[in-house]
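Here are the chains, one letter per residue:
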Amino acid sequence: MSDLVNVYALLRNKFAENNFSLRYPPTYIRELTQNGDKIILAFVEHDVPIKQERNMYATIASPPIKDRSAADDLDLTGSPLKDDVILEEFELTGEDVGSTKMWTTEEETLGPLSTEAARSLLQNYINQDCRIGSGELWALCSGTDMDRTVLLQLTVYQAEAKNNQKFGRGIVRFAGQRPCASITLAELRSIHRQRAVGMTPAPKIYIRQWYNVHPQITIRLSWHTMNENANFTAECKASVRISQRLAINVGDYTKYGSPTEYLWQQLQRLALLSEKIVDIRANRVSGYEIYGYDSNAETVEFIKEKVNSILCKFQAVELPDFTFTTIANMVEQVRNRNLTDVMERLYDVLILDLNYDDLKSCIDYIFQLAAHANIVNIPSKGTRFAHLIQAMIQDVPTLTSAEPYELLLEVGFTKLMHDYQLIFSECGFYELDFEMLFQPQLTNARKSRYNADSVRSEGKSASKTSVGGRMAAGGLSQQGNDMLVIEKSIPVRHFDEDEINMKLSRLAQVHLLVDHLLSLEEFINIPSIYGPVCEAYLAQRPLSYHQVYNRDTDLLELDVNEGQLVSLTHQLLPCARRVSMSSSNMVQKLETVFYQNAQPILPDRFYPHFRPQEDSATSDEQMFWCLEYDRIERL
């Protein structure tokens with residue numbers, strides 16, 4: 001791991017006329033090095049470019065890049081230089097995916113120095129004779145010299161003794177554009193050996209190739225070979241990694257007609273209910289306002305008739321009979337299923353009452369039915385709302401503050417979880433355990449200001465002191481600053497903002513997983529990978545609901561052991577390739593990386609001289625943009 005904070009401070013102090021950034025590597029460096037540690041980059045700062053359509057390279061998506069989850073713990077908290085650190089996302093934005101670039105918009109502000117200036121800067125740092133830090137320094141170059149140098153690298157090693165500071169050097173050259181079919185492994189091996197005169201080549205050559213089986217799905221094959229006559233055909237033991245960057249656009253599902261639209265709408269309602277509860281508990285008037293369709297007296301009466309029918313009339317309700325054919329078909333069956341649970345049916349009606357006063361009126365009506373009418377359909381779910389109805393209470397509870405929304409929110413969570421569980425259980429490839437998923441994450445344990453631990457403990461003690469353990473009638477009263485005191489033994493779940501946010505985050509993650517599975521089923525259709533996909537995706541730390549809501553894309557990436565995925569690539573040309581080989585002697589080691597991509601590798605606004613000629617741009621043959629990266633390490 002790099003330790004460059006002090007090096008960064010020295011560079012800014014000694015070479016103030018240059019621009020430096022302590023950051024995660026730009027996309028093109030990360031692809032070359034396969035390394036995600038922070039680096040120091042020297043560059044010339046430019047304004048953000050004006051958006052332009054790049055239709056020339058819009059046919060093939062770029063290979064996947066490493067997700068940020070592996071670098072979540074890289075932080076400079078406590079460092080006086082923290083404000084200068086650019087915490088760049090390890091993924092492309094929706095705009096970047098759409099234009100199939102190998103760089104982000106932010107990376108287009110990082111312009112190159114002249115090669116002479118970059119080389120002089122790195123040499124001047126070596127001449128400082130410093131003994132601090134370790135890591136990599138990179139300088140972006142213009143590529144206008146004879147070798148078309150685009151990057152220079154200086155690796156600083158931790159000094160083991162006072163006069164034993166070691167450095168490594170690297171140089172990246174643009175090798176032009178070449179037809180994919182014209183590049184051979186023998187040629188690359190020959191180029192490396194010409195540069196490694198006097199060194200012994202290592203027997204292994206490491207190869208990675210990326211294939212686009214769909215614009216949003218990429219398969220990466222990795223293997224090594226020791227065969228002198230080897231080619232770029234993947235060996236049978238190649239490791240496989242599948243990546244899918246899904247354009248989710250969850251903020252506007254109705255526009256795109258997603259088959260999971262109804263699930264997302266339920267989740268949106270729950271998030272909105274949660275926000276209303278927080279508003280009310282914070283004494284914000286907005287929490288009581290209408291938050292959906294306009295309601296009127298006729299609507300309330302209609303809902304009360306529905307409620308009466310659900311609770312007080314015998315009805316023949318057919319049990320759902322699911323038949324699994326495809327995941328998409330199962331999502332549709334769950335959407336149109338008959339609601340057999342009383343609480344789910346009540347929720348489906350009450351959610352139409354989108355006004356605080358009308359909702360409270362309808363819930364009061366339910367309690368009156370429970371107290372004075374012959375309830376024939378007893379709810380069986382273990383929510384607080386169900387317990388209140390089951391108790392057959394003589395004294396109708398008085399709901400205050402945000403309690404009507406809280407009752408509805410809990411039932412809504414139960415119904416949505418039941419929908420997701422039905423989808424997974426009927427498909428049969430993964431057991432969705434919300435009890436495990438909802439376990440608190442071992443991160444920041446700070447409590448919300450709306451939580452009340454003392455109330456929770458009072459609730460437990462009050463429940464234990466119920467006479468004879470019988471479910472007694474009871475109500476809730478408001479005391480002090482929104483502190484609820486339990487008068488009788490009705491089970492109570494106090495609203496916990498942190499817990500609700502965690503549930504929303506997990507449900508949003510499950511929703512994205514369903515969308516990923518639907519896409520994989522449509523374009524890949526290899527059922528054996530669905531279980532590993534679920535396991536790997538749900539093992540990740542979930543994003544917050546609001547982060548998901550405002551996202552344009554979501555990345556699924558995992559290693560799989562599935563030969564059918566390899567067979568999908570047999571008739572495809574690779575969209576990118578990385579070949580690594582090395583040689584060494586007693587004093588140094590040379591590693592050469594040949595990187596080729598069907599897309600421009602560096603921001604084209606800074607390298608107009610690399611653009612193809614008119615005749616090559618219109619060729620039907622797939623062309624590779626080629627980089628050669630030589631790295632010398634002193635032993």
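Up top you'll find the structure we're talking about.
These numbers were taken from a predicted model, which means no experiment stands behind them.

**Student:** What am I meant to see in the state of the cysteines here?
**Tutor:** Working definition of a disulfide: a covalent bond connecting the sulfur atoms of two cysteines. Inspection of the entire model under this criterion finds zero disulfides. Free cysteine: Cys180, not disulfide-bonded; nearest cysteine sulfur from Cys626 at 9.3 Å. The exposure class assigned to Cys180 is buried, which follows from its relative accessible area of 7%.

**Student:** Whenever I open this one, the packing of aromatic side chains confuses me. Can you help?
**Tutor:** The relative placement of two aromatic rings is captured by the distance of their centres and the angle of their planes. Enumeration over the complete set of coordinates arrives at 15 aromatic pairs. Seen from their ring centres, Phe367 and Phe385 are 6.1 Å apart, and the 75° between their planes marks the pair as edge-to-face. With Phe367 in helix 11 (residues 356–372) and Phe385 in helix 12 (residues 384–390), this residue pair connects regions lying 18 residues apart in the sequence. Pair check on accessibility: Phe367 and Phe385 agree, each one buried. The ring of Tyr24 has Lys38 sitting right over it, with the charged end atom 5.3 Å from the ring centre. The cationic tip of Lys166 hangs over the ring face of Tyr157; the distance from NZ or CZ to the ring centre is 5.7 Å.

**Student:** Honestly, the side chain of Ser519 in this entry has me stumped. Any pointers?
**Tutor:** Counting through the fold element by element, Ser519 comes out in helix 16 (residues 497–523). For Ser519, a relative accessible area of 5% puts it in the buried group. Within the structure, Ser519 has its side chain in polar contact with the side chain of Gln216 (distance 2.5 Å). In this structure Ser519 touches Gln216, Ile217, Gln244, Leu246 and Ile524, once residues within four positions along its chain are discounted.

**Student:** Any chance you could explain the nonpolar core here in plain terms?
**Tutor:** In a soluble, globular protein the nonpolar side chains are often hidden away together inside. In terms of nonpolar packing, the biggest core is built from 116 residues, with Val307, Leu350, Phe385 and Phe424 touching the most fellow members. Sorting elements by how many residues they give to this core places helix 13 (residues 403–427) first, with 13 residues. With near-sequence residues (within four places) excluded, Val307 lies in contact with Leu346, Val349, Leu350, Tyr365, Ile366 and Leu369. Counting residues in each nonpolar core, the second largest holds 28 residues, with Ile39, Leu41, Phe43 and Val150 among its members.

Rules used throughout
- Residues numbered from 1 in each chain as written.
- Predicted model: local features only at pLDDT ≥ 70, side-chain atom pairs only at ≥ 80, totals over all residues.
- Heavy atoms only, no water.
- Disulfide = S-S within 2.5 Å.
- Buried < 20%, exposed > 50% of the residue type's maximum accessible area, 1.4 Å probe, protein only.
- Phe/Tyr/Trp six-rings, centres within 6.5 Å; stacked < 30°, edge-to-face > 60°.
- Helix = DSSP H or I, 4+ residues; strand = E, 2+ residues; numbered from the N terminus.
- Lys NZ or Arg CZ within 6 Å of the ring centre and 35° of its normal.
- Polar contact = N/O pair within 3.5 Å; in protein donor to acceptor, adjacent residues only side chain to side chain.
- Contact = heavy atoms within 4.5 Å.
- Core = buried A, V, L, I, M, F, W, Y, C linked by side-chain atoms within 4.5 Å.

None of the figures reported here should be taken as evidence of function without further support.
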